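# An overview of the molecular structure
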Amino acid sequence: MQNIKHLLQHIGKNQIRNLVNLSLGRPLRMSNARSMTLDWDDVKVAKEWLSKPSCWEDGTVVSEYETEFARWNGSKYAFAFMAARVGLSACIYALDLQPGDEVILPAYTCVVVPNALKWAGVKTVYCDIELDTYGLDVTQIESKITPKTRAILLQHLYGVVCRDYQAILDLAKRHGLKVIEDCAHSTGAEYKGRKVGNFGDVAIYSSEKTKIFSTIQGGVAVTNDDQLGKRLKEYSDQTPYPDAALIERQLNNIPLEFYQFKHPQSWWLGDAYYLLHGGQVIFTTSNQEKQGIRPDKYGRKMPAAIAALGLNQLKKIDYYIKCRRQNSKIWELWCQDNGYKKPVVIDESVPSYLLYPVLVEPEIKQQVTWWGFKNFNVSVIDWFTSHIYLSPEKVTGCKNADIAVKQCINFPTLNQMCSFSSS
Ligand SMILES: Cc1ncc(COP(=O)(O)O)c(C=O)c1O
């Protein structure tokens, strides 16, 4: 009953928006921030794999994906998991972080990041961010270092290369600390001619449905160090595949997302498909995770059926990143014309612009969906609405993170018009 009410509310809202658009003579389709890299070819891959469940655990396809990701990313080793957060757990294992060790991380992140550390018994030490790129502020890090500090987790948020990248790498080296790079948002961003994630000791990337490329859920951990590569492999070898029901559900989510957000007639077909299959939608972060509780089926590695989708996405990822970079120019101009500060692009870096982050007045952020719809007919979002997003955990003493929470909004960088063609 609750489900039907939810489905009808969702559809009702969409159709009211469509009526408003029609009456104002605007296009019905709205640019979204989700699953915009899914096309017909991905639906075809999902359908093909749905028909052969006996191959879902075929390790050769997974190895092929890992090898291809490593090649594309310019990394020596890559291991695929069911989420970047699981990749982070693998990195924690690879670095041999022990209970009681401390890791410094930004006070503006997603709950799944500290969760992975806490579940390994590692103490999370939050540090303030800068507001140029929303990364760790290097000037704040030194005071957080104690004899127990083992690593710094730096983050390239929203596809922008963090401002203090080199300075953090240098500081970590001076103090003998390991560097974990969270590239969940920034797959494909570059620094000094190499993809981000290749400068620290280990790094994670996400192919969750709101990210640079989508397998609905998925993540990769990489390293260029032989010893760490061995440890990541050890973790991967010990990790089970998800059960068949989850793999099937994930494959079914490909057409579900495609029809809702990318199909040329998504304005009505998406709702029709959602009415029939909306109960299948995968929510990436469970209520348990939001409360900091480790779910039973948390740590899983990527099975062949999902790796096949990843391989298909990798064929198109450069095209989509190019589109994101081009589209970000629209928002850059908007910032320029309207007196808002653009995210800083540091020297020798090329962002991949998962989204285009801008600090606006808190009142705009509070009604950002309506504001984006009214002004641009796109879905502008306010992603991180708390310091440790999706968690009730409070962080104090981080002034810039407070500002980002209240004022940062995100413009979409892909829309339905961006469609991949192999020709
Ligand atoms: C900053 C950051 N790091 C890591 C992750 C984890 O990615 P995944 O959903 O693939 O576990 C997220 C998820 O949104 C994130 O926002």
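Located above this text is the structure these notes cover.
This report concerns the structure included in the present document. Everything quoted here is computed from the prediction, not taken from an experiment. (Residues numbered from 1 in each chain as written. Predicted model: local features only at pLDDT ≥ 70, side-chain atom pairs only at ≥ 80, totals over all residues. Heavy atoms only, no water.)

### Details of the pattern of salt bridges
The cut-off we apply is this: A side-chain nitrogen of Lys or Arg and a carboxyl oxygen of Asp or Glu constitute a salt bridge if their distance falls within 4 Å. Under the DSSP-based scheme used, a helix requires at least four consecutive residues in state H or I and a strand at least two consecutive residues in state E, with every element numbered from the N terminus. Throughout this description, buried means an accessible area under 20% of the type-specific maximum (1.4 Å probe, protein chains only), exposed means over 50%, and partly exposed covers the range between.
Applying the stated criterion to the full structure yields 22 salt bridges. The residue Arg-71 makes a salt bridge to Glu-68 at a minimum N-O spacing of 2.7 Å. Linking Arg-71 with Glu-68, this pair stays in helix H3 (residues 59-73), spanning 3 residues, or about one helical turn. When its relative accessible area of 56% is taken as the criterion, Arg-71 is described as exposed. Residue classification places Glu-68 among the partly exposed positions, given a relative accessible area of 25%. In this structure, Lys-233 and Asp-237 form a salt bridge, with 2.8 Å as the shortest nitrogen-oxygen distance. Taken as a pair, Lys-233 and Asp-237 lie in helix H8 (residues 226-238) at a separation of 4 residues, close to a single helical turn. Looking at Lys-233, the relative accessible area reads 43%, which means it is partly exposed.

### Things to note about the packing of helix H9 (residues 244-262) against helix H10 (residues 266-277)
So the rule is basically this: Axis geometry follows a simple rule: fit a line to the C-alpha atoms, using only the stretch in contact for helices, then measure angles between N-to-C directions, giving values from 0 to 180 degrees. Definitions for this section: a left-handed crossing has its near helix turned counterclockwise from the far helix by less than a right angle. A right-handed crossing has that turn clockwise. Residues are treated as being in contact if the distance between any of their heavy atoms lies within 4.5 Å. Classification used: nonpolar for Ala, Val, Leu, Ile, Met, Phe, Trp, Tyr, Cys and Pro, charged for Asp, Glu, Lys and Arg, polar for all others including Gly.
The geometry of H9 relative to H10 is characterised by a closest axis approach of 6 Å and an angle of 150 degrees between their N-to-C directions. The two elements H9 and H10 cross, and the hand of that crossing is left-handed. In this structure, H9 uses Pro-255, Leu-256, Tyr-259, Gln-260, Phe-261 and Lys-262 to contact H10, whose residues at the interface are Ser-266, Leu-269, Gly-270, Tyr-273, Tyr-274 and His-277. Along the lines of polarity and charge, the residues of the contact of H9 with H10 split into 7 nonpolar, 4 polar and 1 charged.

### A few points about the pairing of strand E2 (residues 102-106)
As a general feature of sheets, a regular strand has side chains that alternate between the two faces. Put simply, the test is: Two strands are counted as paired when DSSP detects at least two bridges linking them.
In terms of burial, E2 is largely enclosed, as 5 of its 5 residues are buried. Neither face of E2 is exposed, since Glu-102, Ile-104 and Pro-106 on one face and Val-103 and Leu-105 on the opposite face are all buried. Relative to strand E5 (residues 149-155), E2 is paired through 3 bridges, and the arrangement is parallel. Pairing of Val-103 across the sheet is with Ala-151, part of E5.

### Some words on empty space enclosed by the protein
We apply this condition: For cavity detection a 1 Å grid was placed over the protein atoms alone, and a set of points counts as a cavity when a 1.4 Å probe fits there but cannot get out; an open set counts as a pocket when protein lies on both sides within 12 Å along at least five of seven lines, with lining residues being those that have an atom within 4 Å of a point. Grid points are joined across faces, edges and corners, and a volume is the space filled by probe spheres set on the points.
Within the structure shown, the criterion is met by 2 cavities of 30 Å³ or more. Ala-33, Arg-34, Met-36, Arg-324 and Leu-354 are the residues nearest the centre of the largest cavity, which is lined by 14 residues in total. Residue composition of the lining of the largest cavity, by class: 6 nonpolar, 4 polar and 4 charged. When the residues that make up the lining of the second largest cavity are grouped by side-chain class, the tally is 5 nonpolar, no polar and 3 charged.

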